[in-house]
Amino acid sequence: MAFDSPSLKGRALRLLAQREHSRTELERKLAKYEQEPGTLAQALDELTARDFISEARVVQSVLHQRAGRLGALRLKQELQQKGIDSEAIAGAMAQLKDTELERARDVWRRRFGIAPSDAAERARQTRFLLARGFAGEVVRRVLALPDDM
């Protein structure tokens with residue numbers, strides 16, 4: 001191993017210093033630097049044992065940073081891409097369920113603020129909210145009662 005290049009553990013720590021990463025993300029990002037098979041898994045095992053890698057912190061980080069702008073469907077997709085297990089994702093989705101309508105209203109209010117004036121504008125606003133990961137029923141409720149906000 002060359003002395004001028006950081007170890008796998010060093011590279012992982014550098015990534016973790018920037019933001020929370022799941023084990024799957026670190027494996028994906030560091031695989032190209034693994035020189036001997038098994039060394040990456042060993043380094044990540046050590047970091048997990050010392051609580052440098054925490055799935056719960058990754059989930060909370062994503063929810064804290066993104067829940068104000070995205071719906072549950074989009075957040076679920078992001079967590080799946082990060083390799084978070086299905087139980088942790090289900091817990092996160094349950095945590096978001098009660099605030100979904102209010103978060104969708106906030107996103108709609110920041111972007112549009114006025115009720116759609118015609119069918120084309122309603123479709124545009126609907127697509128916007130759906131693309132952000134809000135469920136169809138939530139989007140319908142947001143656009144049905146914009147005056148009550």
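Before reading on, note that the structure itself is shown above.
Below is a short write-up of the structure. Counting of residues starts from 1 at the beginning of each chain's written sequence and follows it residue by residue. Only residues with pLDDT of at least 70 are given local features in this predicted model, and only at 80 or more are side-chain atom pairs given and counted; all residues enter the totals for whole chains, interfaces and linings. For side-chain calculations, the full set of non-hydrogen atoms in the structure is used, while hydrogens and water are omitted.

1. A word on the environment of Glu137
This is how it is decided: Labels follow the DSSP assignment, with helices taken as runs of H or I lasting at least four residues and strands as runs of E lasting at least two, numbered in each case from the N terminus. A simple rule labels every residue: compare its accessible area, found with a 1.4 Å probe on the protein chains alone, to the largest value its type can have, and call it buried under 20%, exposed over 50%, or partly exposed in between.
Locating Glu137 in the fold gives a position in helix H9 (residues 136–144). The partly exposed category is assigned to Glu137, whose relative accessible area is 45%. Sequence spacing of Glu137 and Leu101 is 36 residues, and the spatial spacing of their C-alpha atoms is 9.3 Å.

2. Let's talk about the packing of helix H2 (residues 23–30) against helix H3 (residues 39–49)
Rules: A fitted line through C-alpha atoms serves as each axis, taken over the contacting stretch for helices, and the angle formed by two N-to-C directions is quoted from 0 to 180°. The handedness criterion is simple: a crossing whose near helix is rotated anticlockwise from the far helix by less than a right angle is left-handed, and one whose near helix is rotated clockwise is right-handed. Between two residues, a contact is recorded if the distance between any of their heavy atoms is within 4.5 Å. Under the convention adopted here, Pro, Cys and the residues Ala, Val, Leu, Ile, Met, Phe, Trp and Tyr are nonpolar, Asp, Glu, Lys and Arg are charged, and Gly plus all remaining residues are polar.
Where H2 contacts H3, the two axes come as close as 11 Å, and the packing angle between them is 145 degrees. Of the two possible hands of crossing, H2 and H3 adopt the one that is right-handed. Here Arg23, Leu26, Glu27 and Leu30 of H2 lie close against H3, whose contacting residues are Leu40, Ala41, Leu44, Asp45 and Thr48. Partitioned by chemical class, the residues of the contact of H2 with H3 number five nonpolar, one polar and three charged.

3. Focus: the pattern of salt bridges
Test applied: In the sections that follow, a salt bridge refers to a side-chain nitrogen of Lys or Arg positioned within 4 Å of a carboxyl oxygen of Asp or Glu.
Inspection of the entire model under this criterion finds twelve salt bridges. Arg57 is paired through a salt bridge with Asp51; the nearest N and O atoms lie 3.4 Å apart.

4. A few points about the packing of aromatic side chains
Our working rule: Centres within 6.5 Å make a pair out of two Phe, Tyr or Trp rings, where for Trp the six-membered ring is used; the pair is then stacked when the planes are under 30 degrees apart, edge-to-face when over 60, and tilted otherwise. By the criterion adopted, a ring carries a charge over it if an Arg CZ or a Lys NZ lies within 6 Å of its centre and within 35 degrees of its normal.
The final tally for this structure, using the stated rule, is one aromatic pair. Measuring from ring centre to ring centre gives 5.3 Å for Phe112 and Phe128, while their planes differ by 85 degrees; the resulting arrangement is edge-to-face. Separated by 16 residues along the polypeptide, Phe112 in the loop between helix H7 (100–111) and helix H8 (119–131) and Phe128 in helix H8 bring together distant segments of the chain. Sitting over the face of the ring of Tyr33, Arg11 holds its NZ or CZ atom 3.7 Å from the ring centroid.

5. Description of H9
Rule in force here: The arc in question is formed by the directions pointing from the helix axis toward the C-beta atoms.
Residues of H9 that are buried include every one of Val138, Val139, Val142 and Leu143, and no others. One side of H9 carries all its buried residues, which in axial view fall inside an arc of 125 degrees. The secondary structure elements touched by the buried residues of H9 are H7 and H8.

6. Brief notes about the nonpolar core
Nonpolar side chains tend toward joint burial in soluble globular proteins. Applied cut-off: Side-chain atoms within 4.5 Å link the members of a nonpolar core, which is a set of buried Ala, Val, Leu, Ile, Met, Phe, Trp, Tyr and Cys residues.
Core analysis: the biggest nonpolar cluster contains 14 residues, and Leu75, Leu79, Met93 and Leu96 have the highest contact counts within it. Sorting the residues of this core by element identifies helix H4 (55–66), helix H5 (72–81) and helix H6 (86–97) as the ones contributing at least two each. For Leu79, the contacting residues outside a window of four places in its chain are Val59, Val62, Ile84, Ile89, Ala92 and Met93. Grouped together as the second largest cluster of nonpolar side chains are twelve residues, Val107, Phe134, Val139 and Leu143 included.

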